[in-house]
Structure formats: C-alpha cells, structure tokens
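Below are the chains, spelled out letter by letter.
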Amino acid sequence: MPPARRVHGPLLRSCIGVATMNKHPGSEASETSPCAGPPPGPGEASPPSLLASGRLPRLVVASIVGVLLTIAGLGAALLHERYELAVAGSYSSSLGASRVIAAHLHHVLSSAEALQHLIAARLTAGGLQQTGSAAGMTEVRRLVDLFPEIAFVVLLDGRGRVVANSHFALASAIDNSDREYFRRHRQGEAFVIGEPVRSRSVGKDVFTLSRALRNAAGELSAVIVVAVERVHLEYLFSRHVRGGVAVALRDDGTILTRAPQVPLGEKLPSTTPLLHLARTAPEGSYEAVSPFDRDRRYFSYGKVQDFPVYVLVSERSSDVLAKWRSDAALLLMLLLGAALALLVAGRLALLALGEEARARRRLENSQRFSLAILDSVSAHIAIVARDGRILATNRAWRDFALRNGLGEGEAVEGSSYFKACEHADHEDARTALAGISSVMTGAAKEFQFDYACHAPDEQRWFTMKVTPLLDAQGAVLVSHENVTRLMEAKQALRALAETDALTGLANRRRFLEEAERQFALARRHQRPLAVLVLDCDHFKRVNDARGHEVGDQVLVAVARALSRSVRKKDLVGRLGGEEFAVLLPETELDGAVRVAQHVRAAVVAHPGPVTVTVSVGVAVLRRDMEDLATLLRAADAALYAAKQNGRDRVEVAHAPPSRL
C-alpha cells in the first residue's frame with residue numbers, strides 16, 4: 001500500500017458526486033442504461049425482435065457470463081483487499097506493541113546494568129566481605145529500591161557460593177555454581193542474561209542479569225546477580241497485548257517470560273523464523289505456526305536496543321480473519337444467489353415468446369439485481385468505462401454524494417468520471433486520474449493510494465483502488481474504502497511512541513526529532529531559535545523524603561506549569577528524570593530570558609504536593625553552531641552555571657571569545 005496522502009475532500013466528493021442517480025421529470029430515457037440506443041421515432045419500423053432474429057440466446061448467455069465474471073471479480077477484489085487490511089492491521093498493532101514492550105524492557109535491563117555498575121564500584125572500593133556485610137547490603141538494598149522493576153540482588157564469591165542477598169536473609173549456605181550464568185562467567189563472559197530459574201533463596205521465578213568481577217590475576221572474584229521477577233513483565237505484556245501472546249526471549253531462543261505463561265526452561269525450536277529473520281533486520285513481521293499451541297499466527301518482533309533480547313507479539317490468524325471469513329461466506333451466498341437468479345432469468349428468456357420489449361425488461365431486472373449485490377458492499381464503488389463514463393454505482397457511493405451536499409437530481413450515471421477528477425483541481429485528483437488511465441491501458445495491473453477526506457465534524461481517511469474488469473474493453477472498477485479506524489490506530493501508536501507516559505509531554509525522542517527540524521529551518525532561513533534546559537532543584541530529596549509517588553506528582557505539576565507558560569508553537573519535552581527542555585522558535589535572547597523567568601516563577605506558583613524550584617539554562621542559535629548538539633550543550637552549560645550559582649535562577653549561555 002502506498003503512503004497516505006492528504007486530500008481535503010475534493011477527490012471523493014467531486015468524483016462521487018457526478019455519479020449519483022438522476023431522474024428527469026417526464027423523461028423515460030433516464031431509467032435505461034446509458035449504453036442503450038434511442039427508441040424508434042414516429043413512423044419508423046420497429047426492429048425485429050431478438051427472439052425472432054435468433055440473437056436472444058447468445059445475448060442472454062453473454063450477459064450471464066459477463067455479470068458472473070464481474071461479480072466474481074468484484075468479490076475477489078474486495079475479499080483480497082479486506083484480507084490485506086485485516087493482516088496489515090494485525091501486523092501494525094502487534095509491531096507497535098512489540099516496540100512499546102521493547103522500550104520498557106530496555107529501561108528494565110539498562111536499570112539493572114546501571115545498578116550493577118554502582119555495586120561493582122562498591123565491591124572494588126570495599127571488597128566482597130565489606131559489601132556483603134549487613135551494613136553493606138543495607139546500602140545495596142537502598143540502591144535496589146531506586147529501581148522498582150528489580151526484585152533483589154545476590155552477591156556470589158568466585159566459587160559460586162551466595163555471600164549475601166539484598167532483600168532476604170540467608171537461612172543456609174547456597175551454592176549457585178551450577179547455574180548457567182555462573183558457568184558462562186567461568187568460561188570468560190563478563191555480562192550474562194541468564195535463563196529463567198526459580199530462586200533458591202526466595203522461591204520466586206526470575207531471570208537474571210549477572211556481571212563478573214575479576215582480580216588482578218584475571219581470576220573470577222565475585223559475581224553480581226540482579227534478579228527480575230517474571231510476573232512483573234507478564235503483567236506488562238498482558239496490559240499491552242490483549243487477546244494475543246507476548247514473549248521476551250534471548251537471541252538463542254531461550255524464553256525469559258511469556259504471557260500466557262510457559263514452564264521454566266522453554267526454548268523456541270531452531271527452525272523458528274524469528275531466529276533467522278533477526279540476523280538481517282532488528283524488527284519485522286511474519287506468519288507461522290506457533291510451536292506451543294500449534295495455531296497459525298501473525299507474528300511481529302523487535303529487538304531490545306543494546307541487549308541480545310527480542311520481543312515477539314502474535315495473534316491467532318483465526319481471530320484476525322474471523323470478520324473477513326464471515327464477510328466471505330455472505331458474499332459467496334450472494335454470488336450463488338446471483339448465479340442462480342441469472343440462470344433462471346436466462347432460461348426464462350430462452351423460453352419466452354414475448355417481443356423484444358419484454359425481453360429487454362427482463363434483462364434490466366437482472367442488471368438491477370446484480371447492482372443490488374454491489375449495494376450490499378460498504379465500500380463506495382463505481383464501474384467506469386474506458387472513455388470515462390460512469391456505467392454503474394452502488395448505494396454507498398450515492399449516499400456519500402447526498403451526505404456531502406449533492407442532490408439526487410444533480411447528476412446521472414453516464415457522466416464523465418474524468419471530468420469530475422479534473423474539476424477537483426487537486427494534485428491527488430490528478431494522480432488518481434493518471435492511475436485510472438494506467439489500469440485502463442494495461443500499463444498497471446491495479447492502482448491504489450490513501451487520502452484524507454475530512455468532514456466538518458470528523459476526520460476520515462479512505463483507500464482508493466482501481467482494478468480492471470475482465471473482458472470489459474478497458475473498463476475498471478473504482479472503489480473507495482473507509483480506513484479511518486486503521487489510520488486512527490496508527491496515529492495512536494505513533495502518539496504512544498512519542499509521548500512521555502508520566503507527564504504527557506513530548507518524550508526525549510520526539511523532542512530531539514522536532515528540535516533537529518526546527519534547527520535546520522532556522523539555520524537555512526537565518527531565523528532566531530532558542531532553547532531552555534531546566535532541572536528541578538534538590539529533586540532527589542523529594543524522592544527520598546516523600547517517596548517516588550510524590551516525586552512523580554511533582555514532575556506532573558512541573559510539566560503542567562511549563563505547558564501553560566509557553567506559546568502553542570513552542571515545544572515542551574521531558575528529556576529524562578527531572579530534566580525538561582523548551583524549544584522556542586522565532587525567539588531572540590531577550591524573549592527567551594523572559595520566558596525562562598516566567599517559567600521559573602510559574603513552577604514555584606503552580607500548586608502541587610511539594611513546592612519545588614527550577615534552575616534554567618538559556619541558549620540561542622549562533623552562526624558558529626553547526627548542529628543541535630552544540631546548542632543543547634550550550635544550554636546545559638548555562639544550566640550547570642545556574643546550579644553552581646545557587647539554584648532557582650536563570651543563566652544564559654554566552655558565546656566563546658573570538659580568536660583573533
């Protein structure tokens with residue numbers, strides 16, 4: 001499917017509007033096919049009847065075959081399109097879920113790694129015995145409590161014996177030298193993500209991240225083991241994947257945790273597509289049979305950044321395609337009914353003894369019946385001849401035209417679809433016209449693209465698809481399918497990936513992307529640009545004294561104060577922890593300082609569980625700044641100066657002295 005393009009209404013409203021049904025008062029010609037010839041004039045002899053001339057059997061057979069092929073083509077095209085949309089929607093949602101879970105896992109694993117570095121520093125300074133003492137482990141436990149995802153920390157000596165546990169007293173000596181991670185450390189590995197095990201000290205199912213320490217002689221002296229409970233991740237999985245399956249696994253296929261659960265020690269077979277696809281792409285999707293429940297599933301996977309861990313999210317194909325199968329069954333029944341009706345109509349026509357007028361009415365009835373099948377389809381559909389005339393439309397097409405201000409008497413079937421697209425006078429309308437022409441001439445097998453068609457009270461997106469009709473001398477079927485829910489789901493996933501979950505502000509990734517864009521624009525057009533970097537003063541004291549829940553409330557209050565203190569075109573983001581940033585386009589230094597002072601005062605005045613102050617660093621774009629990182633470093637330096645000069649103040653980054 002090509003990328004979506006925004007068309008503000010003209011394409012669908014203009015192209016559909018000309019095809020609405022029209023009955024001119026007193027005119028019988030408007031109720032016949034536009035392909036039919038004029039009736040005989042006064043005094044003219046009527047042509048011989050089709051039955052008498054022998055042409056009726058051939059025309060009936062040709063009509064039956066043509067209509068059946070048309071309906072079959074329509075059904076196949078619509079079913080295929082709906083199938084592709086269902087599968088694409090499954091892949092899109094599961095891939096988005098895998099990205100969210102992978103980001104959270106990266107946070108958990110990075111936190112564990114950071115904790116290991118802190119404990120390793122203590123071991124290097126004080127030794128295993130001092131760090132493993134009651135006082136030492138009390139300090140370690142205090143460090144562990146800074147990371148809510150981590151259950152406990154265990155220290156092992158060089159022989160694999162448990163020396164201390166951060167959260168649980170050791171009732172007896174425990175030997176972990178047989179654990180997989182310890183064997184790998186003895187073989188020389190420094191950092192190991194271990195297979196899931198049941199803890200011998202606390203009896204919980206965990207998976208471990210361990211780091212080996214070695215003495216000056218290179219001998220294994222200690223191992224720091226950080227344990228993460230599987231139930232923590234299973235809760236995360238069930239929250240983001242409803243009705244599906246989510247798995248976290250190592251790159252060798254060992255399952256760390258899964259929702260729903262599997263027994264400890266489960267491992268994916270070596271033939272699993274993920275183990276081969278992950279070598280070439282960090283994320284992707286595929287269809288395969290699950291090795292656990294033997295169901296065929298749609299899988300999406302993503303790699304956890306910086307770690308040999310993958311997230312695998314799947315849905316049963318039967319669940320994804322349930323609605324599609326019910327639609328297929330209904331359409332098949334309609335096709336069979338249409339076929340039976342056409343055969344009966346043909347048989348009656350062959351046996352008819354009436355004149356040509358009666359035969360023509362029966363043929364028109366069969367055509368109306370086939371169009372009734374099109375009316376049962378929710379997509380907006382029209383059949384367009386090679387010269388651009390609209391031969392037929394379905395009810396959805398006509399209803400859309402009426403809802404958008406075109407009356408039933410404003411246009412007729414037989415109007416030019418090409419002219420309607422030309423009157424839209426929009427780039428995408430011209431693209432649609434070129435795509436239709438390419439299908440009609442055989443240059444392309446089909447044509448498809450997405451566009452927006454927003455109403456005053458709602459946003460809507462459609463997919464236009466053009467497919468050729470078999471043996472129709474260049475005629476094509478044009479359909480407009482409403483894909484608003486799919487587009488809204490994509491937008492929701494994009495917002496989830498770009499928003500800080502706690503404060504609702506732009507996250508670090510979103511802020512830096514927009515800042516890069518604004519930086520490039522400001523340099524290219526030589527426009528002013530300023531950035532504020534601010535940090536909550538003594539925020540750690542708030543966390544230590546009042547707890548992380550109050551700390552989170554303080555961060556939310558600061559975020560609200562920031563958002564209410566800047567213009568709509570300014571961008572506020574949370575860079576991490578208690579650090580925030582504000583991007584100020586079209587702002588000189590004086591204006592940026594005024595905003596910074598206003599923000600500083602607004603934070604103090606904003607109601608919250610604890611009154612906090614902020615230190616603010618201000619930097620503006622200079623000609624010698626070649627990238628965004630230079631601008632941010634200048635603001636960080638100013639923030640550092642504000643901290644050094646007493647906090648609760650604003651400092652400005654000054655240009656370095658010029659070199660003569």
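What comes next is a walk through the structure. Quantities reported herein were computed from a predicted structural model and do not represent experimental measurements. (Residues numbered from 1 in each chain as written. Predicted model: local features only at pLDDT ≥ 70, side-chain atom pairs only at ≥ 80, totals over all residues. Heavy atoms only, no water.)

Once that is clear, we can look at the packing of aromatic side chains. Summed over the entire model, instances satisfying the criterion amount to seven aromatic pairs. Between Y83 and W324, the ring centres sit 5.4 Å apart and the planes meet at 65°, which makes this aromatic pair edge-to-face. Of this pair, Y83 sits in helix 3 (residues 56-132) while W324 sits in helix 9 (residues 322-351), and the two are 241 residues apart along the sequence. The exposure class of Y83 is partly exposed, given its relative accessible area of 24%. Ring geometry for F447 versus F449: centroids 5.4 Å apart, planes at 55°, classification tilted. F447 gets classed as buried once you look at its relative accessible area, which sits at 15%. Given the relative accessible area of 1%, F449 is considered buried. Put simply, the rings of Y286, F299, Y301 and Y310 pair up and form one aromatic cluster. (Phe/Tyr/Trp six-rings, centres within 6.5 Å; stacked < 30°, edge-to-face > 60°. Helix = DSSP H or I, 4+ residues; strand = E, 2+ residues; numbered from the N terminus. Buried < 20%, exposed > 50% of the residue type's maximum accessible area, 1.4 Å probe, protein only.)

This brings us to the pattern of salt bridges. All chains considered together, the criterion is met by 31 salt bridges. The partner of E189 in a salt bridge is R184, and the shortest N-O contact between them spans 3.0 Å. With a closest N to O distance of 3.4 Å, R509 and E513 form a salt bridge. Residue R509 and its partner E513 are both found in helix 15 (residues 508-525); the two are separated by four residues, about one turn of the helix. On the basis of relative accessibility, which here comes to 41%, the residue E513 falls in the partly exposed class. Three or more residues joined by partner-sharing salt bridges are found here, namely E180, R184, E189, R250 and D252. (Salt bridge = Lys/Arg side-chain N within 4 Å of Asp/Glu carboxyl O.)

The subject of this paragraph is the nonpolar core. Ranked by internal contacts, the top residues of the largest apolar core, which has 42 residues, are I101, L115 and V153. Looking at which element gives the most residues to this core, the answer is helix 3, with twelve residues. In this structure, V153 is in contact with L115, I119, M137, V140, V144, A164, N165, S166, I224, V225 and V226, ignoring residues within four places of it in sequence. Counting residues in hydrophobic clusters, the runner-up holds 29 residues, among them L534, V582, A596 and V603. (Core = buried A, V, L, I, M, F, W, Y, C linked by side-chain atoms within 4.5 Å. Contact = heavy atoms within 4.5 Å.)

For the rest of this paragraph, the subject is the packing of helix 16 (residues 539-546) against helix 17 (residues 548-564). Remark: helix 16 packs on helix 17, axes separated minimally by 7 Å, with the N-to-C direction vectors making an angle of 140°. Regarding the angle of helix 16 to helix 17, the classification is oblique. On helix 17, the residues touching F539, V542, N543 and R546 of helix 16 are H548, V550, G551, V554 and L555. (Axes fitted to C-alpha atoms, helices over the stretch in contact; angles between N-to-C directions. Parallel < 35°, antiparallel > 145°, perpendicular 65-115°, else oblique.)

Looking now at the environment of R564. Here R564 shows up in helix 17. You can call R564 exposed: its relative accessible area is 64%. For the pair R564 and V599, spaced 35 residues apart in sequence, the C-alpha to C-alpha distance is 8.9 Å.

With that out of the way, let us pick up unusual backbone geometry. Between A259 and the following residue, P260, the backbone shows a cis peptide bond with an omega angle of 0°. By the secondary structure assignment, P260 is in the loop between strand 9 (255-259) and helix 7 (273-277). Although it is not a glycine, Q526 sits at a positive phi angle of roughly 55°. Within the fold, Q526 resides in the loop between helix 15 and strand 18 (529-536). Look at Q526 and you get exposed, because its relative accessible area is 65%. Of note, the phi angle at R647 is positive, near 65°, even though the residue is not glycine. Along the chain, R647 turns up in the loop between helix 19 (628-644) and strand 22 (650-652).

Attention now goes to the sheet that holds strand 18. Strand order in the open sheet formed by five strands is 19-20-18-21-22, and the pairing between neighbours is mixed. Only two strands of the sheet have a single partner each, and these edge strands are strand 19 (571-576) and strand 22. Within this sheet the neighbouring strands show an average axis-to-axis angle of 20°, counted without direction. The strands touched by helix 17 are strand 18, strand 19 and strand 20 (579-585); relative to strand 20, the strand with the most contacts, the crossing angle is about 10°. (Pairing = 2+ DSSP bridges.)

Quick look at the sheet that holds strand 11 (residues 296-303) now. Strand order across the open sheet formed by five strands is 9-8-12-11-10, with antiparallel pairing between neighbours. In this open sheet, the two edge strands, each paired with only one partner strand, are strand 9 and strand 10 (283-289). Each strand axis lies, on average, 20° off the axis of its neighbour in the sheet, ignoring direction. When strand 8 (residues 245-250) meets strand 12 (residues 309-316), the two strands line up antiparallel, connected through six bridges. Residue pairing for strand 12: A248 is matched across the bridge by V311.

Looking at the secondary structure, you find G218 in the loop between strand 6 (205-214) and strand 7 (220-229). Considered as a pair, G218 and G188 are 30 residues apart in the sequence and their alpha carbons are 9.6 Å apart.

Take it as geometry only, folks, not as evidence of what the structure does.
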